[in-house]
Amino acid sequence: MNSSLSSNQLSVAVTETATETASLALLAAKAQIPPEPLDIQQIKKALVLIPHPDDESIGCGGLLALLAEQNIPAHLILVSDGSGAGGLPEGAAQRRQQELDQAIKQLGDGLTWECWQLADGSLSQEPSLKEKIQASITRYQPSVIIAPWLQDMHPDHAATGHRALSVYRDTVYNEADDKASTHKESVLSQGILFYEVWTPLPATHILNISTVWHKKMAALQQHKTALSCGHYLRATEALAAYRSLLSGHLAAEGEYAEAYYHLQLVGQKTEQTLDSSPSAFLDKAKATTATAPTKKYQVRYACKQDAAELRNLFINVFEHTPETDWWLKKYGHEPQAGTVAVDQNQAVIAYYGALARQGHWHGSTLNAAQQADVMVARPYRFATKKNGVFAAVSRLFLQEQLGSQRAYQMAYGFPTARALTLGIRLGLYQEGDDLAYWEHRSPPNRMGLGWQVTTTSCRKQKAWQWVNALKPFMADADNVFWLKKTGAYWQQRFRQHPKKDYRILRLYRWGRLSGVAIIQHQFDSAATPRVEIMDLALAGNHPDSAQKLIAAIINHSYKQGAECTTAWGTRLAIDELQRHAQSLHHSGESSVVDQGRMALPADTLDAPLTPQIKNHCWMLGADTDFR
């Protein structure tokens, strides 16, 4: 394959319409305008296309590092498999993808990526490339797409840039035709930002990357396979030093910059033009339709600096005052603690919280995100627009963190009926398993010889590592979706709660631990005294352990003066508790009340296991963050 595109090839690739011909004709005129500084703080959300591993570090590594420092969402797509089109040894694709993963970690926390595994060296002939880019834009809803320069000498780079431009053009046309659109801002409202790798581009914007130069170099150094084929470190430094001539420092020692070409189409379909003013880049004031005034906000990932604002939002939404360090205790250890929306004064107006859990399905382990503390400030609550604040914070997390090759392979939550309906309407949720509330009343049952029971307040429990060795409670663990019990989660969930009375009930058989339950005493004088089962686990192999554990909890409730034993959870879990209770000598009386449905990811999200897991979830109150 040729290493560059001829001028004729370039013309054919770009001039599919008269609009694109006009756009190309303006390239030369726009290049005459002195480049202006690129203000990354105006970027809302970026989708980055990289044809090969190392393109991200060479072309836009400084930009990515700065976006990560600012907690601005950026998702990278490795378009090819990185195999080298036959020019590298067998196994190079896997090695290069591992090197890419390490490089992205060097650039900063919060950056996410995926790989399409298309044939390296053949992207210009790949029929699905445009469709895949369009699907990703629909999925991630970026404000700007970052792609290789249209005239890059590498065919894969140029092909990726041209397909991105074509998809962007179609997106602008479609949105201009949508007269009913009331979105706050359009998808790709900030256009395309092209970066350079093999061929220098006519820069419209310059980004000073001196403060993150060490990160860019550290990232590029991870690409050992590519570095074995060429002196990319030297070439990259030379290009960045040269580009700093345009950053106002005249290539002073230690100064580095990256160059970009920004392209933005504005207007209606019948009169598409290029905005030739670089200062118009990322202009917040642009609007595609005349609508009622909208509330402006920015969506990004939550960080520890948001803790105080999130506490204020919690008080505003739930009318309850948590501890000062509530958010840090609950989310401070999470690898990705959810997403926030902030208004123009940087006040947090919405939050989509997430807790990392380890799920089990058919003998395999998968990472699951537990939806928690989803909050929207009252003036913004339950907006039904697709780009409303609730949709925005939910979409950012679900579309960028959820996927078979991403941080989480499954997500679940227990929203209110109204929030579930809204999530379904917005294409974020689907109805999951039925939820139910169980109440059981019976006199105590004899435990039998060799069984003993102890209870301890969770507040007094100091060591929690033993929880990690517990086994699932359910009889058919291989055919249900359940969540692993860990000491870290139980400690965070039950020990640190200042107001609720959580206790550990341990069941022993001849002195050996046989089962464990987390229970909650609810003895408020204004309510019916009851004991709620929060979580259950087994520790031994005795066939009667599950039944005896339920009997032990019912006996404890009776001895404590509670009128009933209760549990809240999925229908599978509640039905199993009911079967055990009915198998006891004193079966007593039970009632089960419907509690709505849980939420699972919509079919449009990247969660392929959802159809299988749906109606097979085994969860109790411990798997929420509110009971």
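Before reading further, recall that the structure is shown in the block above.
A brief report on the enclosed structure follows. (Residues numbered from 1 in each chain as written. Predicted model: local features only at pLDDT ≥ 70, side-chain atom pairs only at ≥ 80, totals over all residues. Heavy atoms only, no water.)

### Some details on the packing of aromatic side chains
Just so we agree on the cut-off: Only Phe, Tyr and Trp rings take part, Trp by its six-membered ring, and two of them pair if their centres are within 6.5 Å. Stacked means planes under 30 degrees apart, edge-to-face means over 60, and tilted covers everything else. Each helix is a run of H or I in the DSSP string that is no shorter than four residues. Each strand is a run of E no shorter than two, and both are numbered from the N terminus. Throughout this description, buried means an accessible area under 20% of the type-specific maximum (1.4 Å probe, protein chains only), exposed means over 50%, and partly exposed covers the range between. Counting as a charge over the ring demands two things of the Lys NZ or Arg CZ atom: a distance within 6 Å of the ring centre and an angle within 35 degrees of the ring normal.
Inspection of the entire model under this criterion finds 19 aromatic pairs. Ring geometry for W198 and Y232: centres 6.3 Å apart, planes at 90°, overall edge-to-face. One end of the pair, W198, is in the loop between β6 (192–195) and β7 (205–208); the other, Y232, is in helix α9 (residues 232–243), with 34 residues separating them in the sequence. We classify W198 as partly exposed; its relative accessible area is 43%. Exposure remark for Y232: the relative accessible area of 22% places this residue in the partly exposed category. Relative to F494, the ring of W490 has its centre 6.4 Å away and its plane inclined at 75°; by these criteria the two rings are edge-to-face. Residue W490 and its partner F494 are both found in helix α14 (residues 487–495); the two are separated by four residues, about one turn of the helix. On the accessibility criterion, F494 (1% relative accessible area) is buried. Of note, R357 hangs over the ring of Y489, and the distance from its end group to the ring centre comes to 3.7 Å.

### Comments concerning helix α7 (residues 213–220)
Note the threshold: Whether two residues are in contact is decided by their heavy atoms: any pair within 4.5 Å suffices.
Among the eight residues of α7, six are classified as buried, and the element is accordingly described as predominantly covered. Along α7, the positions that sit buried rather than exposed are W213, K216, M217, A218, A219 and L220. Those residues of α7 hidden inside the fold are in contact with α3 (55–69), α4 (92–107), α8 (224–227), α9 and β8 (257–263).

### A word on the side chain of K485
Convention followed: For the purposes of these results, a polar contact is taken to be a pair of N or O atoms within 3.5 Å, where, inside protein, one atom must be able to donate a hydrogen and its partner to accept one; residues adjacent in sequence count only when each atom of the pair is a side-chain atom.
Checked against the element boundaries, K485 lands in the loop between β18 (482–483) and α14. Reaching out from K485, the side chain makes a polar contact with the side chain of D535 at a distance of 2.7 Å. Ignoring anything within four residues of it in the chain, the contact list for K485 reads V467, N468, W490, D535, L536 and A537.

### Overview of the environment of K559
Along the polypeptide, K559 turns up in helix α15 (residues 545–559). Judged by its relative accessible area of 69%, K559 is exposed. With 115 residues separating them in the primary sequence, K559 and P444 have C-alpha atoms 8.2 Å apart.

### Let's talk about the pattern of salt bridges
What counts is decided by this rule: What makes a salt bridge here is a side-chain nitrogen of Lys or Arg within 4 Å of a carboxyl oxygen of Asp or Glu, nothing more.
Tallied over the entire structure, the rule returns 22 salt bridges. The salt bridge involving R96 is made with D54; its shortest N-O contact spans 3.9 Å. Separated by 42 residues along the polypeptide, R96 in helix α4 and D54 in the loop between β2 (46–50) and α3 bring together distant segments of the chain. D325 is the salt-bridge partner of K329, the closest N and O atoms lying 3.7 Å from each other. For D325, a relative accessible area of 33% gives the class partly exposed.

### Observations concerning the packing of α7 against α9
Cut-off, in case you're wondering: Between the N-to-C directions of two axes lies an angle of 0 to 180 degrees, each axis being a line fitted to C-alpha atoms and, for a helix, fitted only over the stretch in contact. An angle below 35 degrees is treated as roughly parallel, one above 145 as roughly antiparallel, one from 65 to 115 as roughly perpendicular, and anything else as oblique. The crossing is said to be left-handed when, going from far helix to near helix, the turn is anticlockwise and less than a right angle, and right-handed when the turn is clockwise.
Direction vectors running N to C along α7 and α9 enclose 155°, while the axes themselves pass 10 Å from each other. It follows from the interaxial angle that α7 and α9 lie roughly antiparallel. Our pair here, α7 against α9, has a crossing hand that is right-handed. When α7 is examined against α9, the residues W213, K216, M217 and L220 are found in contact with a partner set consisting of Y232, L233, T236, E237 and A240.

### Here we look at the sheet that holds strand β5 (residues 144–148)
Note the cut-off: When DSSP locates at least two bridges between a pair of strands, those strands are taken to pair.
Ordered by their spatial adjacency, eight strands build an open sheet running β1-β7-β8-β6-β5-β2-β3-β4, and the pairing between neighbours is mixed. Lying at the two open borders of the sheet, with one neighbouring strand each, are β1 (36–37) and β4 (112–118). In the sheet, β2 pairs with strand β3 (residues 74–80) via five bridges, with the strands oriented parallel. Each bridged residue has a counterpart across the sheet, and for A46 the counterpart in β3 is A74. Packed on one face of the sheet, α3 meets β2, β3, β5, β6, β7 and β8 and runs near 90° to β8.

### Looking at empty space enclosed by the protein
Test applied: In this analysis, the protein atoms alone were mapped onto a 1 Å grid. Cavities are point sets where a 1.4 Å probe fits without being able to get out; pockets are open sets with protein on both sides within 12 Å along at least five of seven lines; lining residues have an atom within 4 Å of a point. Grid points are joined across faces, edges and corners, and a volume is the space filled by probe spheres set on the points. Under the grouping applied here, Gly and all other residues not named as nonpolar or charged are polar, the nonpolar ones being Ala, Val, Leu, Ile, Met, Phe, Trp, Tyr, Cys and Pro and the charged ones Asp, Glu, Lys and Arg.
The tally for this structure, following the rule as stated, stands at six cavities of 30 Å³ or more. As a volume, the second largest cavity reaches approximately 70 Å³. As for the second largest cavity, its lining consists of I58, G59, E196, K216, T236, L239, A240, R243, A257, E258 and A259. Elements represented by at least two residues in the lining of the second largest cavity include exactly α3, α9 and β8. The element contributing the most residues to the lining of the second largest cavity is α9, with four residues. Looking at side-chain class alone, the lining of the second largest cavity contains five nonpolar, two polar and four charged residues.

### Description of the pairing of strand β20 (residues 512–522)
Within β20, eight of the 11 residues are buried, which leaves it mostly tucked inside the rest of the structure. Of the strand pairs in this sheet, strand β19 (residues 501–509) and β20 are connected by nine bridges, and their pairing is antiparallel. Note that in β20 the partner of Y502 across the bridge is Q520. Hairpin connection of β19 to β20: two residues between the antiparallel strands, including W510 at a positive phi of 50°. Where β20 lies against strand β21 (residues 530–538), eight bridges are found, and the strand directions are antiparallel.

### A short note on the side chain of D343
Heads up, the rule is: Two residue types count as positive, namely Lys and Arg, and two as negative, namely Asp and Glu; His and chain ends fall outside the count.
Assignment of secondary structure puts D343 in strand β12 (residues 339–343). Summary of buried charges: D343 has no salt-bridge partner, and the nearest side chain of opposite charge, R300, is 9.4 Å away. Once residues lying within four places of it in the same chain are set aside, the contact partners of D343 are K296, Y297, I349 and Y380.

### What about the sheet that holds β20?
Spatially, seven strands are ordered β17-β19-β20-β21-β22-β16-β23 in an open sheet, and the strand pairing comes out mixed. Unpaired on one side and paired on the other, β17 (451–457) and β23 (589–601) mark the two borders of the sheet. Here the strands of the sheet are splayed against their neighbours by 25° on average, with no regard to which way each runs.

### Digging into the packing of α15 against helix α16 (residues 571–582)
In contact at an axis separation of 9 Å, α15 and α16 are set at 80° when each is read in the N-to-C sense. Overall, the two elements α15 and α16 adopt an arrangement that is roughly perpendicular. Packed against α15, whose contacting residues are A546, Q547, I550 and I554, the element α16 presents L577, H580 and A581 at the interface. Considered class by class, the residues forming the contact of α15 with α16 number five nonpolar, two polar and no charged.

### Considerations on the layout of surface pockets
Its boundaries defined by the atoms lining it, the largest pocket holds a volume of some 1200 Å³. Counting only elements with at least two residues in the lining of the largest pocket, the list comes to α10 (307–318), α11 (326–331), β14 (364–376), α13 (417–425), β16 (429–441), α14 and β23. Taken together, the residues of the lining of the largest pocket sort by class into 24 nonpolar, 10 polar and 12 charged. Size it by volume and the second largest pocket reaches roughly 840 Å³. Around the second largest pocket sit 33 residues that line it, and D109, G110, L111, P335 and Q336 are the ones nearest its centre.

On their own, these measurements won't tell you what the molecule is for.
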